[in-house]
Amino acid sequence: MNGASDREDISDLGAIRRMYRITADYERSFETKVSDLLELGRAYLGVQAGFLTEIDDDEQLIVNASGDHPLLQPGESCPLEKSYCRRTLSHDGSLTVQHAEVEGWEDDSAYEQFGLESYIGAEVLVDGDTYGTFCFADTEPREDPFSEPESTFVELMAEWVSYELFQKRATERIERQRDQLEEFARVVSHDLRNPLSVVQGYLDLAEQTGEPEHYHRCRNALDRMESLIEDLLVLAREGEPIAETESVDVSEVAGDCWSFVETEGATLTVEIDRRITADGSRLQQLFENLFRNAIEHGGGDVAIRVGELPDGSGFFVEDDGPGIPEAERGRVLDHGYSTAEDGTGFGLTIVTQIADAHGWDVTVAESDDGGARFEISGVE
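Since this is a predicted model, take the numbers as computed values, not measurements.

Visitor: I keep staring at the packing of helix H2 (residues 12-24) against helix H3 (residues 30-45) and nothing clicks. Help me out?
Guide: For any two helices packed against each other, one specifies the crossing angle of their axes together with the interaxial distance. Relative orientation of the contacting elements H2 and H3 amounts to 170°, with a least axis distance of 10 Å. The angle between H2 and H3 places the two elements in the roughly antiparallel class. Contact residues: H2 offers Asp 12, Ala 15, Arg 18, Met 19, Ile 22 and Thr 23, while H3 offers Lys 33, Asp 36, Leu 37, Leu 40 and Tyr 44.

Quick look at the structure:
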């Protein structure tokens, strides 16, 4: 396809007007609008392909696309170093290529991979960070360089995508915070009210009888309230996005955490030699909660093991306790779920939130000894 010969007769002003109508249509979804913008851009610029990418961990993923280029289809990915977009990220404004072969691209890995002769793309930023790129390209060179209005058109579309993605993330964050507030309200109104009622009841009995046993039961109820409040505060913090990460030694963190847990007669074996990228304090909280969960359900003499997953995607914490019935494994990570009489039900929820904040996945399985096994995958 030759971009110049197949270009629709769309004026610069006409392209801007069409773009505005698409983006202002509140009945269309974000994904539909992006598809329509890519179609519009292909017609206006007269090129073979239009595509939106997401860039993460030095990998380029095609999120949405228009056109018939086999490597520029939704779901296709490649290392960033083999993409045209890597140069877009370091370019001020849109990057344009009229004829790649004569502009020094003939030995470039991206040229060898995609065979694109003409290209125009702009960076998509979300809250100041790179999300990806909004691009158009063709396997044929252009007869004329991309014009200033054409560059402005692509930059405006990239800015619109940036704004919409920012709004989407902000909305999801607000909804997540709302759900947390609703959960906190439920706990305060129900879970904390129960031990308060217990305290009031036993105080009345203590006043009537003077028996020390009733005061002891009051103290137990107050201790439970304190545990609930501490877990709620941790939940509020662990649900927040992670601002900074560092390289941490999994073995060292697990060993340090063991010293902070009331282990009774339990034992810990650490069989992992690996550094990962994480928020050190939150990783510590994750291990502490998994250790406490194992001791709480497996008893004072439970044996706990920390190791690396066979495929190298992360690590696991397992024990030789009674395990978790398969029917309940999907529920143990839910808010407030606990099989222990004095449990708050938030320990494993905190584990899930810490993992989510890192972009990790938590899976519940059975250990080789029939106990519980928690697998943390997707770890750098």
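Visitor: What exactly am I supposed to notice about the sheet that holds strand S4 (residues 95-97) here?
Guide: Hydrogen bonding along the main chain pairs the strands of a sheet, whether they run parallel or antiparallel. Read from one edge of the open sheet, 6 strands run S3-S2-S1-S6-S5-S4, paired in antiparallel fashion. Lying at the two open borders of the sheet, with one neighbouring strand each, are strand S3 (77-79) and S4. Pairs of neighbouring strands in the sheet enclose a mean axial angle of 25°, with direction left out of account. Judged from the 9 bridges that link them, strand S5 (residues 118-126) and strand S6 (residues 129-138) form a sheet pairing that is antiparallel. Bridged to Ala 122 within S6 is Phe 134.

Visitor: Help me out: how do you make sense of the packing of helix H9 (residues 250-258) against helix H10 (residues 280-298) in this one?
Guide: Across the interface, H9 lies against H10 with an axial gap of 9 Å and an inter-helix angle of 55°. Overall, the two elements H9 and H10 adopt an arrangement that is oblique. When you trace H9 past H10, the crossing you get is right-handed. Of H10, the residues touching H9 (which contributes Val 250, Val 253, Ala 254, Cys 257 and Trp 258) are Leu 283, Gln 284, Phe 287, Glu 288, Phe 291 and Ile 295. The residue inventory of the contact of H9 with H10, partitioned by class, reads 9 nonpolar, 1 polar and 1 charged.

Visitor: Teacher, can you tell me more about H10 here?
Guide: Turn by turn, an α-helix covers 3.6 residues, leaving residues three or four places apart pointing in a common direction. The end-to-end C-alpha distance of H10, which contains 19 residues, comes to 27 Å, matching closely the 27 Å that a straight helix rising 1.5 Å per residue would cover. Following H10 by one or two positions, Gly 299 has its phi on the positive side, about 95°.

Visitor: Looking at this structure, I do not really get the sheet that holds strand S10 (residues 303-308). What am I missing?
Guide: The sheet built from 5 strands is open, its strands ordered S8-S10-S11-S13-S12 with mixed pairing. Across the chains shown, the open sheet's two edge strands, defined by having one partner strand only, are strand S8 (267-271) and strand S12 (361-366). Neighbour to neighbour, the strand axes of the sheet diverge by 15° on average, direction disregarded. Here 5 bridges tie S10 to strand S11 (residues 314-319), and the two strands are oriented antiparallel to one another. The residue of S11 that forms the bridge with Glu 308 is Phe 315. Lying on the sheet, H10 is in contact with S8, S10, S11 and strand S13 (372-377); it crosses S11 at an angle near 25°.

Visitor: I tried to follow the pattern of salt bridges on my own but got confused; where do I start?
Guide: In a structure, side chains of opposite charge can pair up when their charged atoms sit close to one another. Applying the stated criterion to the full structure yields 14 salt bridges. Between Glu 271 and Arg 305 there is a salt bridge, with its nearest N and O atoms 2.6 Å apart. One end of the pair, Glu 271, is in strand S8; the other, Arg 305, is in strand S10, with 34 residues separating them in the sequence. Here Arg 373 and Glu 375 are joined by a salt bridge, their closest N and O atoms 2.7 Å apart. Judged by its relative accessible area of 10%, Arg 373 falls in the buried class. Because the salt bridges share partners, they merge into one network encompassing Glu 271, Arg 305, Glu 318, Arg 373 and Glu 375.

Visitor: Explain unusual backbone geometry to me, please; I cannot follow it from the model alone.
Guide: Only a minority of non-glycine residues have a phi that is not negative, and only a minority of peptide bonds are not trans. The backbone of Asp 58 shows a phi angle near 60°, a positive value even though the residue is not glycine. Inspection of the secondary structure assignment puts Asp 58 in the loop between strand S1 (49-56) and strand S2 (59-67). The exposed category is assigned to Asp 58, whose relative accessible area is 59%. The backbone phi angle of Asp 127 is positive, close to 55°, even though this residue is not glycine. For Asp 127, the location among the structural elements is in the loop between S5 and S6.

Definitions and cut-offs
Residues numbered from 1 in each chain as written. Predicted model: local features only at pLDDT ≥ 70, side-chain atom pairs only at ≥ 80, totals over all residues. Heavy atoms only, no water. Axes fitted to C-alpha atoms, helices over the stretch in contact; angles between N-to-C directions. Helix = DSSP H or I, 4+ residues; strand = E, 2+ residues; numbered from the N terminus. Parallel < 35°, antiparallel > 145°, perpendicular 65-115°, else oblique. Contact = heavy atoms within 4.5 Å. Pairing = 2+ DSSP bridges. Left-handed = near helix turned anticlockwise from the far one by under 90°. Nonpolar A, V, L, I, M, F, W, Y, C, P; charged D, E, K, R; others polar. Expected span 1.5 Å × (residues − 1). Salt bridge = Lys/Arg side-chain N within 4 Å of Asp/Glu carboxyl O. Buried < 20%, exposed > 50% of the residue type's maximum accessible area, 1.4 Å probe, protein only.

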